[in-house]
Structures are given as structure tokens and as C-alpha cells.
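# Commentary on secondary and tertiary structure
The lines below spell out each chain.
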Amino acid sequence: MRVFWMVMLAGLIGTTAPQAALAQANTLKAFANDKELVTFLKRRVARQQRSHAALLPPPMPAPPPPAPETSAAAPVVAAPSPMDDSSNIVVTSTKAATPNITNTQEVDVDEGGIVKVHGDHLVVLRRGRLFTVALGDRAMRAVDRIDAFPPGTSGEDAWYDEMLISGDRVIVVGYSYARGGTEVNRFDIAVDGRLRFVDSHHLRSNDYYSSSNYASRLIGSRLIFYTPLDLDIEEPIVAQLPALRRWIGSPKGTFERTAPATRIYLPQPLRRDPDADLNTLHTVTTCDLAAERFACRAVGVLGSESRNFYVSGNAVYVWISDAFTAEEADNRAIVYRLPLDGGRPGAAQAWGGPVDRFSFREDRKARALDVLVRADSNGERMWRAEVSEGDAALLHLPLDIFGDGSATAPRRAYRPLPLNRDPDWSFHNRFVGRNLVYSAGEFPQEAGVKTVFVVPLGGGPIAQVSAPHGVDRIDMMGVDAVVIGSDARERLGFSAIELAGATPRLGDTFFLPTAREGERRSQAFFYRPDAGSPDGASGVLGLPISRDLGGRPAARFLGSGSAVAYLRRDRRRFTPAGELAAQAERARDDGCQASCVDWYGNARPIFLGDRTFALMGYELVEGQLRDGRITETGRLDFAPTLPIVRVK
């Protein structure tokens, strides 16, 4: 491993300018109009092509040109008119519209998921369909189902992955290769659980998929998306910029621009770098769900395709690695901050890259951003967050540093961090209270004793805690952390890392025999503290597990849970509470037409009031926790059979 931080710090020696003052004196500059944006990109590509050609050997003589052929001229795509800037959408509320029944990174920021609650009903997104299940009178009853895609379409070549609920409106987010772009489908849900399709819209984008992140967030009635746009300089640029269209039954609907050039930003260092990689427009779109007409506004920032993004209650942060291509700029990154109150975005330079979204924490009180960075990070596009390499450090960025991008995080902002041996696979990190907790596994064999590191954010020594099993997940249990992973005896271990005392220490450990995690998604884990235990010393946790130890290790990424296991925690001591298991032998063909792979998993523990459920595919099982044990009290198979006939 190269000594990355020594090189990085040496490069920063002599950087003595007051960085905060530099950032405050400058602001991030947008393009003046479409012409300036297009001209800049075309000149940049032409300059890079000339530089590249100068390094190549002389070309071989070209063959004689073919005989001319008559062909029709290529159609000219007219640029849609920009939306009026009066459509500014500002987040004014951070109160969640519906109860949160799944694990989220920020308590006031809901994330797109596969199950939500509306009144006395659960709403489930499953294999291209929406289902509602009534939970009243201590019974479960299937109420309604509807295609998650627009009527008159098949949903073919589309993936419907994320769902959110705001008021009486259900929003399904997917990516359509057939119709193009991020698809946003809206449904009304009645008090009796009946569903009605409202409308469908497309955001111009490339596929947003990440194995560790979610593309959509909900704050109040504001829907927030992150989407990338890969720019093709050989095609009309304006026709590729962020836009929204309503689906009218054919791909001929008109796109309306959501981000004019005056909301597309580029920091000064990248403007000046003739070799900068600027092939991707990273877009954050905000839509007002309270409005009758679905209207959105976007902000775009340019960079390379490598990205990580994180959403706090105040801003969206986009970390762009590999944009600087010069050899001396190796590992230099641009960090964008896009406020959710409509303020002007800012940028700053940093080194290395985060592993995933859990590498970020915004300290709202201190007005700072903490980020765990590694020397080499591939970003989180598709499966890239599963691998990271090189040395690690904790970066502390005051928000004042975000300006026109000229300011660089000073060397004192980095705290070097120790690592396990061979920490390239399955690196996990989580901010828990005022601590950063991290460790590394060895996918797909995460077995064995692993060191868990605890870094106090306020300063002080880094604690090293030895967990008696691998670490494949780090999460929160009140004020403490929990690490979960397999050991050499094919057991699934749960170990508490107690953080409330003066020194972090290994708490209680429980081993579940012949089991492994059934899901890797963050929302698959949930911990509910007891009402009388605000610090979480007592409570119940649920996690999907699989007993198929001989199956493919990668199956856990797509959802292979055959049961949901529950552990009781009493005064920081674990006891097994039992399992609610699926009845896979009774599964039947669902006639799936769209989104037939569980990219976001298929199992969730659900705690709703004083009731406990396990969602496993099409099965919803209710259990009752009594005397520390869970027993099944009801089961519903809501798999589709005959189509529902709707009466108009």
C-alpha cells in the first residue's frame, strides 16, 4: 500500500491561505446561457482531442473513400424552452408525512423503499406492482393491487425500485430503458387502501442504481432525486440537459427543461484544468408533491462519472473523484454542497474519496461536514461501493469552506485512521452519535475475528475493539453500535459496541447458528428501543437471515432472506427472541411482467406501534413478542392470482 497521506500532506505543505475566507470571498459560478455551456464543452473536448492526437504515432494512409450515397439528413432536435425561474422550490418543512417504519440514515429524511405505511395499511412495492394490506382489528387483509407503471404500457425494460408516501399520494420511482430516464409514477391512496393511478413523468437521466444508496428522498412534501447524465459531445448538448416530461402514452411528449444553464455549475479549478474529465452532469432535482401539477426544479454540477452523494436535512452533497486527470492531481476530488433552501451551491477541493453514503455526517450544530475518506474510492455507481482501497482518514470540513471550489481542505482537516489487514473488500463505516465506527471484512469470506475502530469526533484516542466474528454490517442501537457478520463456524454474530462510557468497549455478543445475512440493504435492519429506554439499552432488533449457506454469496445483495430473526436486548444483554419464517414451499407463479429481480431486497422487519411484522416476498407474517419470545399470530400471502376487476 502506498503511503498516500504522506504524499497528500506533502502536497499541501505551504497551503497557508485562510481557506474559509477564500471560500466566503467567492461563489460557485454558473454558465451564463446555453451557448456558453455548449461552447465551453465543445472547446474542451476539441482541445483534449488535439492533445491526445499529438501523442499518437502518425496514422496509416486512409483507404480510398467509398462512392457517395444518398441519405436523408439527420433530424435536428430543437432545444426545449427553459422553465421559468419563478418555479423555485424551497424546502420549508422537515416533518415526515408518514411514520417511518424502516431504517434511515437521517431521522428527518425519508428514503425510497419497498414498504411504507399509510393509516391502517401497509403499502408494498414488489416486482412491478403496488399492494395494499389492511392491518386493522388485529388482522391482515389484502385490499388492492395495481401495476407500478402507467396503464397501456407493459413495464418491460424498466425497474421499479423505490417508493415514498406523502399525504395520500404514493410515489413510485424506477428507471425505464424502454421509455427513457427516471420514471416517477404517482398514485392516490384512499382511506380504505384502494389505489388509483394519477400520472407518470420522466426525468431525463441515466441509470441511478447503486448497491448501497437510494436515488430518492422525501422531506416534508418535497421529493428529492439524485440522477446522473452522461453527456455525449457528438450529440446536441441542450437536448441532453435536465428536463421533465409527462407521459402521454408515447415517447413523443415534450420535455420541459428543469435546469437552465444558469443553474449548471462548474468550480474554477475544473474550468482552468484543460484535461479535466467533465463527461457527467450530476443532477439534484426537487419536486413539489403538494402541487396539483407535478413541477420540478433541478441543479446540475459537472464532473467525472465517479460519484458519492449524501442527503442531510439541509443539503445534498456530491463528491466527485477522478475529475482532475493530471498526474500530480492524483486522488484530488471536488465536493459540491447543494443547499435545499434554494441557496447557491458551493464547492471545495479534497483528497481521496468516501466509501458510501454512510461515510458522511453533517454536523448541523457545528456547521461542518465529517467524511471518512480512503485513498482510492470508485464511488458508489452500480456495485463500486463494495470495493475501496488505500489508507483512510477522517476529514472535517467547515461549511464555510464551500465556495467557488478554489479552497482546498487543509492538512489539519485530515485525521489518519488505522486499518485492518487486507481492507479492500466489504469496508463498512457508520457515524453513531459523536463517534465514527468502521471495520473491514473479506467478502465473500467475512469470517474470523475483526478489529472494530471507534473514533471520537471531539478528539481523543482511537479505540480498537476485537469482535469475535466478521463485520458485514454496522448499525445503531440507541447510543450504541452493533456489528454483524459471520464466523468460521457458519454462525451469524451480533456484537454490541458500547459507546456510552468513557472508553468504547465490546458489549454482549450473540451467535445465531447456521445462518448468514439475507439482505445487505440498510433498510433490512431495524432496531426499536423500548419506550422506557431512550438510550436503547433495551429493545428489539430484526434482520432478514438465510439458512442457505451453500448458495451464491452474491445472493444476499438481491434479497435471499428466508426468515426474519429477532433479538431481544435487555439492559445491553442479548437473548434470542425467535424467528418469523417464510413458507417458500407454498410460493406460486406471480406472472411477473416488470422489475422481476429484487435489486433492493425483498424482506423487512416492521415495528408498527406495539405490533411486529416480517415482510418476506409476498408473505406478511405478524408475531407477538411476549416474555422475550416472538410467536406467529397471523400470516397473509398477498401474491397476485386473478386480476382485480375495477369498477368505474
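Residues numbered from 1 in each chain as written. Predicted model: local features only at pLDDT ≥ 70, side-chain atom pairs only at ≥ 80, totals over all residues. Heavy atoms only, no water.

## A look at the overall build of the protein
Summing up its helical and strand segments, the protein has five helices and 42 strands in all. Taken over 648 residues, the protein has a buried fraction of 58%. Put simply, the protein shows about 27100 Å² of open surface, and 53% of that area lies on carbon and sulfur atoms. (Helix = DSSP H or I, 4+ residues; strand = E, 2+ residues; numbered from the N terminus. Buried < 20%, exposed > 50% of the residue type's maximum accessible area, 1.4 Å probe, protein only. Areas by Shrake-Rupley, 256 points an atom, 1.4 Å probe, with all protein chains shown as cover.)

## Quick notes on the sheet that holds strand β3 (residues 121–126)
Reading across from one edge, β2-β3-β4-β5 is the order of the four strands in this open sheet, with antiparallel pairing throughout. A strand with exactly one partner marks an edge of an open sheet, and here the two such strands are β2 (115–118) and β5 (141–147). Strand-to-strand twist across the sheet, computed as the mean angle between neighbouring axes with direction ignored, equals 20 degrees. Of the strand pairs in this sheet, strand β4 (residues 129–134) and β5 are connected by six bridges, and their pairing is antiparallel. Bridge pairing in β5 places alanine 134 opposite arginine 141. (Pairing = 2+ DSSP bridges. Axes fitted to C-alpha atoms, helices over the stretch in contact; angles between N-to-C directions.)

## Observations concerning the state of the cysteines
According to the stated counting rule, one finds two disulfides in the structure shown. Each sulfur of the disulfide joining cysteine 287 and cysteine 296 lies 2.1 Å from the other. Every disulfide takes its handedness from the sign of the S-S torsion; for cysteine 287 and cysteine 296 that torsion is 105 degrees, giving right-handed. As far as burial versus exposure is concerned, cysteine 287 and cysteine 296 are alike and both buried. Between the sulfur atoms of cysteine 592 and its disulfide mate cysteine 596 the distance is 1.9 Å. (Disulfide = S-S within 2.5 Å.)

## Some words on the nonpolar core
Membership of the largest hydrophobic core comes to 41 residues, with the highest contact counts inside it found for Phe31, Leu41, Leu266, Leu270, Leu302 and Tyr336. Of all the secondary structure elements, the ones that give two or more residues to this core are α3 (34–54), β11 (222–230), β14 (264–265), β15 (280–288), β16 (296–303), β17 (307–311), β18 (315–320) and β19 (332–339). Among the elements that take part in this core, α3 stands out by supplying four residues, more than any other. Membership of the second largest hydrophobic core comes to 37 residues, among which are Ile114, Leu223, Cys287 and Ile606. (Core = buried A, V, L, I, M, F, W, Y, C linked by side-chain atoms within 4.5 Å.)

## What to know about the pairing of strand β31 (residues 480–486)
Counting buried positions along β31 gives seven out of seven residues, so the element sits mostly inside the fold. Between strand β30 (residues 473–477) and the antiparallel strand that follows it, β31, lie two residues; glycine 478 among them carries a positive phi value of about 65 degrees. Note: β31 against strand β32 (residues 492–498), six bridges, orientation antiparallel. Opposite valine 483, over in β32, you have serine 495 as the bridge partner. Between β31 and the antiparallel strand that follows it, β32, lie five residues; glutamate 490 among them carries a positive phi value of about 60 degrees.

## Section: the pattern of salt bridges
Tallied over the full model, the rule gives 34 salt bridges. As a salt-bridge pair, aspartate 199 and arginine 186 come within 2.7 Å of each other at their nearest N and O atoms. Taken together, the residues aspartate 199 in strand β9 (residues 195–203) and arginine 186 in strand β8 (residues 182–189) connect sequence positions 13 residues apart. Judged by relative accessible area, which is 1%, arginine 186 ranks as buried. Among the salt bridges present, the one from aspartate 370 reaches arginine 361, with a minimum N-O distance of 3.4 Å. For the residue pair aspartate 370 and arginine 361, the accessibility class agrees, reading buried in each case. (Salt bridge = Lys/Arg side-chain N within 4 Å of Asp/Glu carboxyl O.)

## Examining the sheet that holds β31
Within a sheet, each strand pairs with its neighbour through backbone hydrogen bonds, oriented either parallel or antiparallel. Spatial strand order, β30-β31-β32-β33: four strands in an open sheet with antiparallel pairing. With one partner strand each, in any of the chains shown, β30 and β33 (505–512) form the two edges of the open sheet. On average, each strand axis in the sheet is inclined to that of its neighbour by 25 degrees, with strand direction left out of account. Note that β30 and β31 share five bridges and pair antiparallel. In the strand pairing of β31, methionine 476 is matched with alanine 481.

## Side note on the side chain of histidine 282
Along the polypeptide, histidine 282 turns up in strand β15. Judged by its relative accessible area of 1%, histidine 282 falls in the buried class. A polar side-chain atom of histidine 282 sits 2.7 Å from a polar atom in the side chain of tyrosine 226. Only 2.7 Å separates the side chain of histidine 282 from the backbone oxygen of serine 304, close enough to count as a polar contact. Ignoring any residue separated from it by four or fewer positions in sequence, one finds histidine 282 in contact with Tyr226, Thr227, Val299, Gly300, Val301, Gly303, Ser304, Glu305, Arg307, Val318 and Ile320. (Polar contact = N/O pair within 3.5 Å; in protein donor to acceptor, adjacent residues only side chain to side chain. Contact = heavy atoms within 4.5 Å.)

## A word on unusual backbone geometry
With phi around 55 degrees, aspartate 157 is a residue other than glycine that occupies positive phi space. Tracing the backbone through its elements, the reader meets aspartate 157 in the loop between β5 and β6 (158–166). By relative accessible area, which is 48% here, aspartate 157 ends up partly exposed. At aspartate 627, a position not held by glycine, the phi torsion is positive, near 55 degrees. Relative to the elements of secondary structure, aspartate 627 occurs in the loop between β41 (619–626) and β42 (629–637). We classify aspartate 627 as exposed; its relative accessible area is 77%.

## Brief notes about the side chain of glutamate 517
You can see glutamate 517 is positioned in strand β34 (residues 516–517). Among the polar contacts made by the side chain of glutamate 517, one reaches the side chain of arginine 473 at a distance of 2.6 Å.

## So, the packing of aromatic side chains
For the structure on display, the rule yields 18 aromatic pairs. The interplanar angle of 75 degrees and the centroid separation of 5.6 Å between the aromatic rings of phenylalanine 187 and phenylalanine 197 together place this pair among those described as edge-to-face. Taken together, the residues span a long stretch of sequence, with phenylalanine 187 in strand β8 and phenylalanine 197 in strand β9 at a distance of ten residues. With a relative accessible area of 0%, phenylalanine 187 lands in the buried category. Between the NZ or CZ atom of arginine 271 and the centre of the ring of phenylalanine 31, over which it lies, the distance is 4.6 Å. (Phe/Tyr/Trp six-rings, centres within 6.5 Å; stacked < 30°, edge-to-face > 60°. Lys NZ or Arg CZ within 6 Å of the ring centre and 35° of its normal.)

## Observations concerning the confidence of the model for the protein
Low pLDDT means the predicted atomic positions in that stretch should not be read closely. Considering every residue of the protein, the mean pLDDT works out to 81; 80% of them sit at 70 or more. Within the model, pLDDT remains below 50 along residues 52–97, and this stretch shows 40 contacts once partners closer than five positions in the same chain are excluded. In the predicted structure, residues 644–648 sits below a pLDDT of 50 and forms seven contacts with residues beyond four places in sequence or in another chain. (pLDDT = per-residue confidence, 0-100.)

## Brief notes about the environment of aspartate 232
Topologically, aspartate 232 is positioned in the loop between β11 and β12 (243–246). Here the alpha-carbon distance between aspartate 232 and threonine 280, two residues 48 residues apart in the chain, equals 9.1 Å. Not counting residues up to four positions away in its chain, the partners in contact with aspartate 232 are Ile237 and Gln240. Engagement of the side chain of aspartate 232 in a polar contact is seen with the backbone nitrogen of glutamate 234, the distance being 3.0 Å.

## A closer look at the environment of glycine 536
Looking at the element boundaries, glycine 536 is found in the loop between β35 (526–529) and β36 (539–546). When its relative accessible area of 0% is taken as the criterion, glycine 536 is described as buried. Spatially, the C-alpha atoms of glycine 536 and glycine 478 are 3.9 Å apart, while their sequence positions differ by 58 residues. With sequence-adjacent residues up to four places away left out, glycine 536 is seen in contact with Met477, Gly478, Tyr527, Pro529 and Arg569.

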